[in-house]
Every structure is written in structure tokens, then in C-alpha cells.
Amino acid sequence: MKGMGFMSGNNNQVVLLTGASSGIGKATAEWLMERGFRVYGTSRKAAGIMDGKPYKTSASGGFIEMIPLDVNSESSAENAVRTVLEREGSIDVLISNAGMGIAGSIEDTSIREAEKQFDVNFFGTLRMIRHVLPAMRKQGRGRIIVISSVAGLISIPYQSMYSASKYALEALVEALRHEVAPFGIKACLVEPGDTRTGFTSSRVIAEAAGEASPYYSRFRKSLDRMEQDEQNGVSPEKVARVIHGMIKRRNPPIRRAVGLGYKAILFLKRLLPSWLVEKLVGMLYA
Ligand SMILES: NC(=O)c1ccc[n+]([C@@H]2O[C@H](COP(=O)([O-])OP(=O)(O)OC[C@H]3O[C@@H](n4cnc5c(N)ncnc54)[C@H](OP(=O)(O)O)[C@@H]3O)[C@@H](O)[C@H]2O)c1
């Protein structure tokens, strides 16, 4: 099985998927396993590959193995990539999905909190990309799918650090696509909107964003709305289908929003004057 890669179409491709313990990552791992993919999912809580016994298998020959990874750690990222390469000889697809959100006004968010946000969402992805690229270049093929967000194209008040970390990912992938295309590597972004996952309960509130903050009531109103929208959002399986679509496409587009509503919003953002976009965002979240 070692190094089968793209030899058998979609089946048996080796996928390294970060943040596979919950939400979008978990749904994607299961979706791909059911379709024959050899999925190495990661979590900070995973103990490691257990004597070569997969965590889950499917009738189509796919499996999910869980391996430990903290995307904040350079050595952990390096180890996760090495583990998969030692097992499989190649990595066909990296899905950089691990992420979290910090909420609070800009004034209430400390530099340390902002750095933490970027360390997971932006530098976590950057670390994984840098560690898979040498192997993908040698293979002469590979696919890198970065999970961004609609907030990576429309900045959300009181979620500015999260939005900024996703905007940064958009910039990263726009450049990456050019740099890696000559080596047969294709990079793209998937932009979910509100999705029902553990993201809402894992959100970190900036320490200074409590009742004493002058922003408190407006912040709480905005956050309540955001949390409600997320919990009424689409299922993570819907995002998994879009991610699978980006693997199947011979030439994936640079970005794909999830769902017609968000596609329409992002299309309108390009057409409408900035003042109107600002007004609409303000009506929803300010
Ligand atoms: N839910 C939404 O509405 C929404 C909308 C747009 C974009 N997104 C994006 O979708 C991605 C997945 O989020 P989700 O909604 O599925 O949230 P989730 O249910 O909270 O899952 C987050 C995953 O990321 C992992 N993770 C968090 N911090 C990590 C770290 N330091 N190192 C390694 N893994 C880490 C978690 O694994 P462990 O805790 O087990 O390590 C978990 O598997 C994120 O990038 C998020 O920004 C979500």
C-alpha cells in the first residue's frame, strides 16, 4: 500500500487532516474514510498510533488513524508529518483545519491573546504547510486545502483577531498557489460560514472583555448573535462535502465558500460599495 497516492483515483489517497477530533475536521475525516481515503487525523488529545490498528475503518478500504499534534509546536508539527511519511511514504493531501476563535473588542484583547490566536490559526497552518512541502515537491504532486472562513473576507466586529488570522491565511494561500504550482502542488481555501460545531463552546473570551469593559453590552449582543447563528448553522458534513469536492477537482479554484447564501454574500461584497458592506456588517454584528 505504501505510496499508492493518486494511482487509484480518489481511493487510497493519503490525507493528513489537522483538528480531526471535532466538528468540521471529524466530519471530513469520516466522510473521506467512507470513500476509501487513508486519513491521518490529528488532535492534541490523541495518544498516538496504536500498534498499527486504525481508530476506524470503512468497507471501502479507508481508515482514520488519530495522531497527536499541537499545531502551536514546531516539533509536534514535524513529528506528525514524519509519522505519516514513515507509514505511507507520501502525503497526497494536507487539510489544515485546526483552529479556534478569540472574541473581544480590539482594545480589550491583549497582545498575548492576539498572538495566541495567530499561533493556532495562522502559524499552525504555516507550520504544517512548511513541513509537508518538501515531501510533496519530491513526489511532484500534492494538494493543500486550508480551512479559512467567510470571516477571512469580511471582518467581524469583536472577532477581529479571528478575522485577521483568516485574512492572513487568504493572503498566504494566494501566494502559495503561484509558488508551488510548478512542482505539481495545488493549494486552495475552503470558506465555511456558520457551522454547528464545538467551535462555539471552545471560543476564548478576552480576559478584559468582562462587565467592566466599556464595550461589554455591545460585545455581548454581538457575541450572542454570533453564537446563535453558529448553532443554527449548517452541519459540518456540508463543509466536508465541499472539502472533498476540492480534492476531486483536477484544478481546484482558489477559494470556495460553503453554501449558496455565503457564495452570494461574498459575490455581493465584490460588487457593492464598501460603505454599504460596512453598514450591513454593522447591522448584524456591531
Ligand atoms: N464552526 C464554524 O462556524 C466555522 C466557520 C468558519 C470557519 N471555521 C473553521 O473551521 C475549522 C474547524 O473548526 P470547527 O468549527 O470544526 O471547530 P471545533 O469543533 O472546535 O474543532 C476544532 C479542531 O481544531 C483542533 N485544535 C484546536 N486547537 C488546536 C491546536 N493548538 N493544535 C491542534 N489542534 C487544535 C481541535 O482538536 P483538539 O482540541 O482535539 O486538539 C479540534 O479538532 C477552524 O479552522 C475554524 O476556524 C469554523
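Caption draft 1: Molecular detail of the overall build of the chain. The helix and strand tally for the chain stands at nine helices and 10 strands. Taking 19 Å as the expected radius of gyration for a compact globule of 286 residues, we find that the chain reaches 19 Å, a close match to that expectation. With respect to the principal axes defined by its C-alpha atoms, the chain has extents near 60 × 40 × 35 Å. Residue burial in the chain is summarised as follows: out of 286 residues, 50% are buried. Considering only contacts in the chain between residues 6 or more positions apart, those separated by 24 or more positions represent 73%. In the form shown here, the chain has an accessible surface area of approximately 13,500 Å², with 55% of it arising from carbon and sulfur atoms.

Caption draft 2: Examining the nonpolar core more closely. Membership of the largest hydrophobic core comes to 32 residues, with the highest contact counts inside it found for Leu-16, Leu-94, Met-128, Val-132 and Ile-144. Of all elements in the fold, only β1 (14–17), β4 (63–68), α2 (74–88), α3 (111–139), β7 (142–147), α4 (160–180) and β8 (185–191) reach the threshold of two or more residues within this core. No other element matches the seven residues that α3 contributes to this core. Those residues in contact with Met-128 that lie beyond four places of it in its chain are Leu-16, Thr-18, Leu-69, Val-71, Ala-77, Val-81 and Leu-94. Core analysis: the next-biggest nonpolar cluster, separate from the first, contains 27 residues, Ala-20, Phe-37, Ile-64 and Cys-188 among them.

Caption draft 3: Highlighting the confidence of the model for the chain. On average, the chain scores 93 in pLDDT, and the residues at 70 or more come to 94%. Across residues 1–8, where pLDDT falls below 50, the model places 20 contacts with residues more than four positions away in sequence or in other chains.

Caption draft 4: Summary view of the site of the ligand. In the vicinity of the ligand there are 31 residues, among which Ser-21, Ser-22, Ser-43, Tyr-162 and Thr-197 approach most closely. With respect to the ligand, the backbone of Asn-97 contributes an N or O atom lying 2.8 Å from an oxygen atom. Thr-195 has a polar backbone atom sitting 2.9 Å from an oxygen atom of the ligand. Out of a free accessible area of 880 Å², the ligand has 95% covered by protein chains. The set of elements that each furnish at least two residues to the shell around the ligand consists of α1 (23–34), α4 and α5 (199–202). In the shell around the ligand, the residues fall into 10 nonpolar, 15 polar and six charged.

Caption draft 5: How the structure looks around the packing of α1 against helix α7 (residues 236–248). Two numbers describe how α1 lies on α7: the axes approach to 8 Å, and their chain directions differ by 55°. Taken as axis vectors, α1 and α7 run oblique relative to one another. α7 is crossed by α1, and the crossing has right-handed handedness. For the pair α1 and α7, contact is made by Gly-23, Ile-24, Ala-27, Thr-28, Trp-31 and Leu-32 and by Pro-236, Glu-237, Val-239, Ala-240, Arg-241, Ile-243, His-244 and Ile-247, respectively. Among the residues forming the contact of α1 with α7, the class breakdown is nine nonpolar, three polar and two charged.

What counts as what
- Residues numbered from 1 in each chain as written.
- Predicted model: local features only at pLDDT ≥ 70, side-chain atom pairs only at ≥ 80, totals over all residues.
- Heavy atoms only, no water.
- Helix = DSSP H or I, 4+ residues; strand = E, 2+ residues; numbered from the N terminus.
- Rg over C-alpha atoms; globule rule 2.2 N^0.38 Å.
- Buried < 20%, exposed > 50% of the residue type's maximum accessible area, 1.4 Å probe, protein only.
- Contact = heavy atoms within 4.5 Å.
- Areas by Shrake-Rupley, 256 points an atom, 1.4 Å probe, with all protein chains shown as cover.
- Core = buried A, V, L, I, M, F, W, Y, C linked by side-chain atoms within 4.5 Å.
- pLDDT = per-residue confidence, 0-100.
- Near = heavy atom within 4 Å.
- Polar contact = N/O pair within 3.5 Å; in protein donor to acceptor, adjacent residues only side chain to side chain.
- Nonpolar A, V, L, I, M, F, W, Y, C, P; charged D, E, K, R; others polar.
- Axes fitted to C-alpha atoms, helices over the stretch in contact; angles between N-to-C directions.
- Parallel < 35°, antiparallel > 145°, perpendicular 65-115°, else oblique.
- Left-handed = near helix turned anticlockwise from the far one by under 90°.

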